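Below are the chains, spelled out letter by letter.
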Amino acid sequence: MAFVSCTENFVKTTKKTGVQLANREINQKKQELIKKWYVKDILSDSLVVVAFVIFLTFVRPFGMHEIAFWYAGIFWLIMCFSGYVIYSPTIYFLSKWLSNSLPESLNNAAVRLLVSTCVASGIMALFAPFIINLFFGSFQNYWQSLPMSFLACFFIGGFMSGVSFIKTMLFQQRQQLQQNTEQLAQQNEQVESIQKQPALALINELPLDKRGQLICLQMDDHYLNIMTDKGDHLLLMRFKDALTKLESYDGFQTHRSWWVAKDAVASSKKEGRKLILVMSNGTEVPVSQTYLANTKSVLGIK
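Since the structure is predicted, the reported quantities are computational estimates derived from the model, not experimental observations.

## Concerning unusual backbone geometry
Positive phi, normally seen in glycine, also occurs at Asp221, with a value near 55°. For Asp221, a relative accessible area of 69% puts it in the exposed group.

Right, dumping it as structure tokens:
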């Protein structure tokens, strides 16, 4: 019975711990989501709002031409940033919700933006009359002013939201392009690392003072002369076994007893009808007729 009781307590404790960990992970994800939205968008969105404040201050729409320039500027500054406080989180979180709720035929960025902008404009329309009354004292009938307040908020707020949406899309595309570039670079590094693994295994058989960048191999009876940028060394190894290890390495065979690394080919020359490759260490490697076509193709020699 004691064993059963201990087991039950262990299971309950494990379940409780699992729930706590799950809740902690959810809270961390929520915090990361909010932090990501706040950090990336607040500065650029503020610049967009300031640009609209300057524009509206110069234009002074809705019969504001008789109002002092500085007074109109303060009014639009408060109005636009109040709108930003309402529009930005409303559109962001409502769009997230709509992306999981709308039917597939209507679930696109334009529809989500339109719906969320309408909702945000409705919320802003409830507060805009109070800001107008604060500056102009023209508060007569609150409920009658709501339709015009909504239209004005939808027009100005919708335009600002559209600009902000385009800005966000461009930013996301640039970020996606950067991520793709980084992933491609990582994949290339992995491919290069995989390709070099057999060559490293071969080079690791050399003395420490001879280990370096692989240049070429030369078969010499039962021995294999391995040349690197640190020097050359004879190994008791079959040429065929060495070529098997270098199948994925960027190099090619030029002769029945020669193999070269492509990057180590410094130049080429001709001696009569024979093609000779000059390696980075000065070694001259012959190219036999059997491997001539492939050598020219790899090195782009005409």
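After presenting the structure, the write-up continues.
## Overview of the nonpolar core
Counting residues in each nonpolar core, the largest one holds 31 residues, and the members touching the most others are Leu217 and Trp259. Elements that contribute at least two residues to this core include exactly α4 (142-203), β1 (214-220), β2 (223-228), α5 (239-245), β5 (258-261), β7 (274-279) and β8 (284-287). Setting aside residues up to four positions removed in sequence, Leu217 forms contacts with Leu202, Leu224, Asn225, Ile226, Phe239, Ala242, Leu246, Ser257, Trp258 and Trp259.

## Quick word on the packing of aromatic side chains
To describe a pair of aromatic rings, you give the distance between the ring centres and the angle between the ring planes. In total, this model carries 14 aromatic pairs according to the counting rule given. Taken together, the ring pairs connect Trp70, Tyr71, Phe75, Trp76, Phe135 and Phe136 into an aromatic cluster.

## A few points about the sheet that holds strand β4 (residues 251-255)
Pairing is antiparallel across the open sheet formed by five strands, whose spatial order is β3-β2-β1-β5-β4. If you trace the sheet from one side to the other, it starts and ends with β3 (231-236) and β4, each paired once. Pairwise comparison of adjacent strand axes, ignoring direction, gives a mean angle of 20° for this sheet. Bridge analysis of β1 against β5 gives three bridges, and the strand direction is antiparallel. Counted as the bridge partner of Cys216 is Val260 from β5.

## Brief notes about the pattern of salt bridges
A pair can form between side chains of opposite charge whenever their charged atoms are brought close. The tally for this structure, following the rule as stated, stands at four salt bridges. When the shortest N-O distance is used, the salt bridge between Asp241 and Arg238 registers 3.0 Å. Residue classification places Asp241 among the partly exposed residues on the basis of a relative accessible area of 31%. Accessibility expressed as a relative area gives 55% for Arg238, which makes it exposed. One salt bridge connects Lys269 with Glu284, and the closest N-O pair in it is separated by 2.6 Å. Placement of Lys269 in strand β6 (residues 265-271) and of Glu284 in strand β8 is noted, with a sequence separation of 15 residues between them. Here Glu284 falls in the partly exposed class, since its relative accessible area comes to 41%.

## A look at the side chain of Ser161
Structurally, the position occupied by Ser161 is in helix α4. The residues contacting Ser161, other than those within four sequence positions of it, are Tyr87, Ile91, Leu113 and Thr117.

## Digging into the packing of helix α2 (residues 69-101) against helix α3 (residues 109-136)
Helix-helix packing is described using two parameters, namely the angle between the two axes and the distance between the axes. Taken N-terminus to C-terminus, the directions of α2 and α3 make an angle of 155°; their axes are 8 Å apart at the nearest point. In this view, α2 runs roughly antiparallel relative to α3, as classed from their interaxial angle. You can see that α2 and α3 cross each other, and the crossing is right-handed. For the contact of α2 with α3, the per-class residue count stands at 22 nonpolar, eight polar and one charged.

What counts and how
- Residues numbered from 1 in each chain as written.
- Predicted model: local features only at pLDDT ≥ 70, side-chain atom pairs only at ≥ 80, totals over all residues.
- Heavy atoms only, no water.
- Buried < 20%, exposed > 50% of the residue type's maximum accessible area, 1.4 Å probe, protein only.
- Core = buried A, V, L, I, M, F, W, Y, C linked by side-chain atoms within 4.5 Å.
- Helix = DSSP H or I, 4+ residues; strand = E, 2+ residues; numbered from the N terminus.
- Contact = heavy atoms within 4.5 Å.
- Phe/Tyr/Trp six-rings, centres within 6.5 Å; stacked < 30°, edge-to-face > 60°.
- Pairing = 2+ DSSP bridges.
- Axes fitted to C-alpha atoms, helices over the stretch in contact; angles between N-to-C directions.
- Salt bridge = Lys/Arg side-chain N within 4 Å of Asp/Glu carboxyl O.
- Parallel < 35°, antiparallel > 145°, perpendicular 65-115°, else oblique.
- Left-handed = near helix turned anticlockwise from the far one by under 90°.
- Nonpolar A, V, L, I, M, F, W, Y, C, P; charged D, E, K, R; others polar.

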